[in-house]
Amino acid sequence: MTDNDNGSRTKRLKRHFGGAVSGDQFWPRPEIVDNLVNTIKDGESVSLFGLRRIGKSSAMAEAARIISQGKDANKYTIVEIDAQDYNALDKLLTEILVAVPSDSNLFTSLKKRLIGNRMFPEAVKKGLELILNMGGSDADFSKSLPNYWGPVCAEIIKAIEESGTQLILMIDEFPYMCKNLLAKEGGRDFVDNLLATFRNWRQGPVTMVMSGSIGMQFLIREHQLEFLHFNDCFAVDIPPLASRAEAKAMLDALVQSTEVDNWLEETSETLLDEVTVYYPSFLQHAFSRLKAANVRSRPQIEEHFAEHIRPAWDSTFFDQFDIRLKVYDEVLRDLSRAVFAQMADDKHVLRDDLAAAITTTQQEQLTEALKILKEDGFLSRRAARDGSESWRFCSPLVETWWQQRQSKKVKK
Ligand SMILES: Nc1ncnc2c1ncn2[C@@H]1O[C@H](COP(=O)(O)OP(=O)(O)OP(=O)(O)O)[C@@H](O)[C@H]1O
Ligand SMILES: [Mg+2]
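If you're wondering where the values come from, they're calculated on a predicted model, not measured in any experiment.

About the cut-offs
Residues numbered from 1 in each chain as written. Chains lettered and ligands numbered in written order. Predicted model: local features only at pLDDT ≥ 70, side-chain atom pairs only at ≥ 80, totals over all residues. Buried ≥ 20, exposed ≤ 12 C-beta atoms within 10 Å, placed from the backbone. Helix = DSSP H or I, 4+ residues; strand = E, 2+ residues; numbered from the N terminus. Pairing = 2+ DSSP bridges. Domains from an automatic or database assignment. Nonpolar A, V, L, I, M, F, W, Y, C, P; charged D, E, K, R; others polar.

**Focus on the pairing of strand β3 (residues 46-49)**
And step 1. Residues V46 and L48 point to one face of β3 and S47 and F49 to the other, with burial holding for every one of them.
And step 2. The pairing of β3 with strand β6 (residues 206-212) spans four bridges and is classified as parallel. Bridge pairing in β6 places S47 opposite M210.
And step 3. Judged from the two bridges that link them, β3 and strand β7 (residues 234-235) form a sheet pairing that is parallel. Bridged to S47 within β7 is A235.

**Structural notes on unusual backbone geometry**
What you tend to see is this: most non-glycine residues have negative phi, and most peptide bonds are trans.
And step 1. Notably, E173 is not glycine yet its phi reads approximately 55°, a positive angle.
And step 2. Position of E173 among the secondary structure elements: in the loop between β5 (166-172) and α7 (174-182).
And step 3. A tally of 22 C-beta atoms within 10 Å means that E173 is categorised as buried.

**Side note on the environment of P101**
And step 1. Considering the arrangement of structural elements, one finds P101 in the loop between α3 (89-98) and α4 (105-115).
And step 2. Its 10 C-beta neighbours within 10 Å are what place P101 among the exposed residues.
And step 3. Each C-alpha atom of the pair P101 and V79 lies 9.7 Å from the other, and the pair is 22 residues apart in sequence.

**Remarks on the domain arrangement of the protein**
And step 1. Parsing the protein into structural domains produces domain 1 (2-12 + 241-319), domain 2 (28-235) and domain 3 (328-411).
And step 2. Placing the centre of domain 2 and that of domain 3 at their C-alpha centroids yields a distance of 33 Å.
And step 3. Considered class by class, the residues forming the side of domain 2 that touches domain 3 number five nonpolar, three polar and one charged.

**Description of the pairing of β6**
And step 1. Summarising burial for β6: seven of the seven residues are buried, a large majority.
And step 2. Sheet topology places β5 next to β6; six bridges connect them, and they run parallel. Bridging across to β6, I171 finds its partner in M210.

Structure representation (structure tokens):
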């Protein structure tokens, strides 16, 4: 924090646009992160799914930073992994084991229970030894592990329990990993098993945080997985910043911490006018683009947004909705469109009204479809005390996308 000319306090924020940010690159979002930290510390597992680039990985990384720097940090062992490219169990297991600090009680217990385990065949023991001692893995282990996954996991759980730590397992892009595994031969049973194992872990000493830009509910439908294996996580949403004033404060903090020539109040105000939906990534990206292009006055900025910034956003943000819908089966796609057509002017629509507007066959699938649309970042839900339920687009972005697509259709 530094004093500005008015004597008020201005926060600083290191500019970064790309992957997850935390610490001095993370604009504080206590309304999301405090809840996340408290939930995790209480041992409740969390899912963080939704739109692309809204800050899911960053919220997870910031929660990990806060917990690992807290007064009671020694109660927890945090393992953070990005599973997007994983298509085999040994990679996942390797990452988990490698992340355990080698001077911890947990590490000692793991070594004793895994390497010294007389029930495992040599290939599995050798593989586990290679991981724990050198962070490596070999082909024989990769082949044998699926047959011993259950017993290996059981030993890991015992090791965690005996070491007295709470293992916080943060898996980014968890659904992508499941998708990769599902594409392999025997994938369905394999993933069902994995989900069952992880559920057991969560019922024990492991708290999981799973995030992803695609949700799990559609994979569950597509591959007829057991949904009970994944219905025990607390879903955290990431909305845009709450107000223009907060967006302005974040932008001021970026300007304050960056070497940028001739940046004017007019530059910031026009940027905010053009952005309209205040996700931190939009502010970071627009700030970086205007800075680099040396664009500072209102007319220049409006032009730059129309020519460069908004088209780039269209391909990152709007295309994701089209891609998602295309992946859905025809029944789900038609049903989704019928539901979107009922959404109006940023207002909640009663579930009963939605049901009344669709066919009887579609009504049978409405509950499942709404669950998927919520997790995939299309809709959000409210439940009233009287039991009534209502739905709306979860972000102005989705609404704008839908309106754009409708007007294109009308023009055709
Ligand atoms: N609280 C924040 N403070 C500052 N910048 C942020 C914050 N949250 C997100 N960002 C910006 O948004 C970018 C994307 O964030 P992040 O990678 O966490 O999003 P994501 O939802 O995980 O994206 P993806 O869907 O691509 O995985 C970051 O690189 C950063 O520029
Ligand atoms: Mg991410």
